Amino acid sequence: MVMKASGGEHRARCCVAIPEIDTSKCISCGNCVEECPVGIVTLVDGKAVITNPEACSYCTECESFCPSAAIRCPIEIVLGAPES
Amino acid sequence: MAVSTDFLRSLPYLANLAADDVERVRRDILELSFDKDEFVLLEGEPCRGLYVVKSGRIRIFKSSPEGREHVLLVAGAGESFNDVPVFDDGPNPASGTALEPSVVYLIPKKTALALVADCPAALGIIRVFAARLRRLATVVSDLSFRSVVSRIAKLLLEMAVAEQAGTPIPRLTQDEMAARVGSVRDVVGRALRTLEKAGAIEIRGQRLVVTQPQKLLMLVEDYDKSRMP
Ligand code: SF4
Ligand code: SF4
């Protein structure tokens, strides 16, 4: 199954976060496809798409290699208790 | 292609040399070519000599044990680098990569040292200065990284909110954080890892949780104190 990440409309906020992709900015360079360590980014019709959101570790590699700022990995900044 | 005497004489290091000495440098000098992103020299390796850029640009940077990089210099045509280890006898204090296809001259260490061999007093003074420069380069790179860590700590203290229904949660990419603290994404990523290691924050996927705000505050205050005269 292919899920589009643009606008985050398929994102269940509490569970899996995936990068936001603005397809209008994507220039099909393929950097994100090459750099994703879990290989879940592909180009569909020349636009980056995340194919398996559950596998995304939110490592932000795709964002760091995108030359046109089409992929964003915003980080939520909250106060909270340590996990352990 | 052999290097011209005029080029050598245009270098501050060699401007006042006798013709014989310039000729010796000309004979010993090596011309090396590098592709974009290729390493010219590596931090910690034995020093081969003094480098002078013929064409292109070389980025000289120090890396910390955690892998952070601090650019000390971008050397362009006619500029030298790796001067320090030639004279203080230590290893290369920084690494260098070509920012674009570049040609670099290497004056072997032995040749460079021979130029001051007949003046032990000068050699002694240069040694002391070189050792001081080496230490300063480390201090500068530490300070500049600490200032980014402190500014990021401040930003997180200002922005972090407790999760409550109706409270909008601030969201920033690492590029946006970098823009706010006057740094670059790479350094911000390392600063965040440093804060995580210090136990001040936890990064859980897309969420950065400030777990110990008082630790962030301490980092900010310590840094501010260290800058007081
Ligand atoms: S954040 Fe990491 S794992 Fe997720 S899509 Fe980007 S590169 Fe792949
Ligand atoms: S790196 Fe950016 S521009 Fe390149 S394919 Fe991926 S989203 Fe598109």
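Along each chain, numbering runs from 1 in the same order as the chain's sequence is written. A letter from A marks each chain and a number from 1 marks each ligand, given out in the order of writing. Only residues with pLDDT of at least 70 are given local features in this predicted model, and only at 80 or more are side-chain atom pairs given and counted; all residues enter the totals for whole chains, interfaces and linings. In computing side-chain properties, one takes all heavy atoms of the structure into account and sets aside hydrogens as well as water.

Caption draft 1: Broad picture of the site of ligand 2. All names here are of chain A. We call a residue near a molecule or strand whenever a single non-hydrogen atom of that residue lies within 4 Å of it. Around ligand 2, 14 residues are found, and the nearest of them are Cys-26, Cys-29, Gly-30, Cys-32 and Cys-66. Note on definitions: the grid is 1 Å and covers protein atoms alone; a cavity is a set of points where a 1.4 Å probe fits but cannot get out; a pocket is an open set with protein on both sides within 12 Å along at least five of seven lines; lining residues have an atom within 4 Å of a point. What decides whether a molecule sits in a cavity or pocket is whether more than half of its atoms lie within 2 Å of the grid points. At a threshold of 2 Å from the grid points, most atoms of ligand 2 map onto the second largest cavity. Gly falls in the polar group here, along with every residue not listed as nonpolar (Ala, Val, Leu, Ile, Met, Phe, Trp, Tyr, Cys, Pro) or charged (Asp, Glu, Lys, Arg). Residue composition of the shell around ligand 2, by class: 10 nonpolar, four polar and no charged.

Caption draft 2: Just a nonpolar patch on the surface, in detail. All names here are of chain B. Without a salt bridge and with relative accessible area above 30%, a residue can belong to a patch; like charges are then joined within 9 Å and nonpolar side chains (Val, Leu, Ile, Met, Phe, Trp, Tyr) within 5 Å. Only the protein chains shown count as cover for residues, and the accessible areas themselves come from Shrake-Rupley with a 1.4 Å probe. Only one rule defines a salt bridge in this text: a Lys or Arg side-chain nitrogen within 4 Å of an Asp or Glu carboxyl oxygen. Among the surface-exposed residues, Ile-125, Val-128 and Phe-129 lie close enough to one another that they form a single nonpolar patch of about 290 Å² accessible area. Relative to the elements of secondary structure, Val-128 occurs in helix α5 (residues 120–159). Note on classification: 1.4 Å probe, protein chains only; a residue is buried when its accessible area is under 20% of the maximum for its type, exposed when over 50%, partly exposed between these limits. Its relative accessible area of 41% is what places Val-128 among the partly exposed residues. Secondary structure is summarised from DSSP: a helix means a run of H or I of at least four residues, a strand means a run of E of at least two, and numbering begins at the N terminus for each.

Caption draft 3: Just empty space enclosed by the protein, in detail. All names here are of chain A. Grid points are joined across faces, edges and corners, and a volume is the space filled by probe spheres set on the points. According to the stated counting rule, one finds two cavities of 30 Å³ or more in the structure shown. Looking at the largest cavity, its volume works out to about 100 Å³. Taken together, 14 residues line the largest cavity, and the ones lying closest to its centre are Pro-19, Cys-36, Cys-56, Cys-59 and Cys-62. Residues belonging to the lining of the largest cavity are distributed by class as follows: 11 nonpolar, two polar and one charged. In this structure, the second largest cavity encloses a volume near 70 Å³. Within the lining of the second largest cavity, the residues separate by chemical class into 10 nonpolar, four polar and no charged.

Caption draft 4: How the structure looks around unusual backbone geometry. Residues and elements named next belong to chain A. With a phi angle near 60°, Ser-28 is a residue other than glycine that sits in the positive phi range. Structurally, Ser-28 is set in the loop between β1 (20–21) and α1 (31–35). Backbone geometry places Ala-69, a non-glycine residue, at a positive phi of 55°. By the element assignment, Ala-69 lies in the loop between α2 (61–65) and β4 (71–72).

Caption draft 5: Geometry of the site of ligand 1. Residues and elements named next belong to chain A. Within the structure, ligand 1 sits among 14 residues, and Cys-36, Cys-56, Cys-59, Thr-60 and Cys-62 are positioned closest to it. One can see that ligand 1 is located within the largest cavity. Considering only residue class, the shell around ligand 1 consists of 11 nonpolar, two polar and one charged.

Caption draft 6: Region of the structure containing the interface of chain A and chain B. It only takes one pair of heavy atoms within 4.5 Å for two residues to be counted as in contact. If you look at the interface, chain A gives 20 residues, while chain B gives 26 residues. For the pair chain A and chain B, the two sides together bury roughly 2,300 Å², of which 52% comes from carbon and sulfur. One can count five salt bridges joining chain A with chain B. One salt bridge connects Glu-76 of chain A with Arg-207 of chain B, and the closest N-O pair in it is separated by 2.7 Å. Between N or O atoms, a polar contact is any pair within 3.5 Å; within protein, one atom must be a potential hydrogen donor and the other a potential acceptor, and residues adjacent in sequence are included only when both atoms are from side chains. Here chain A is connected to chain B by 16 residue pairs in polar contact (both at pLDDT 80 or more). Mapped onto the side of chain A that touches chain B, the elements with two or more residues apiece are α2 and β5 (75–79) of chain A. Broken down by element, the residue count for the side of chain A that touches chain B peaks at five residues, all from β5 of chain A. For the side of chain A that touches chain B, a count of residues per class yields 10 nonpolar, three polar and seven charged. Summed over both partners, the accessible surface that disappears when two parts come together, traced with a 1.4 Å probe, is what is meant by buried area.

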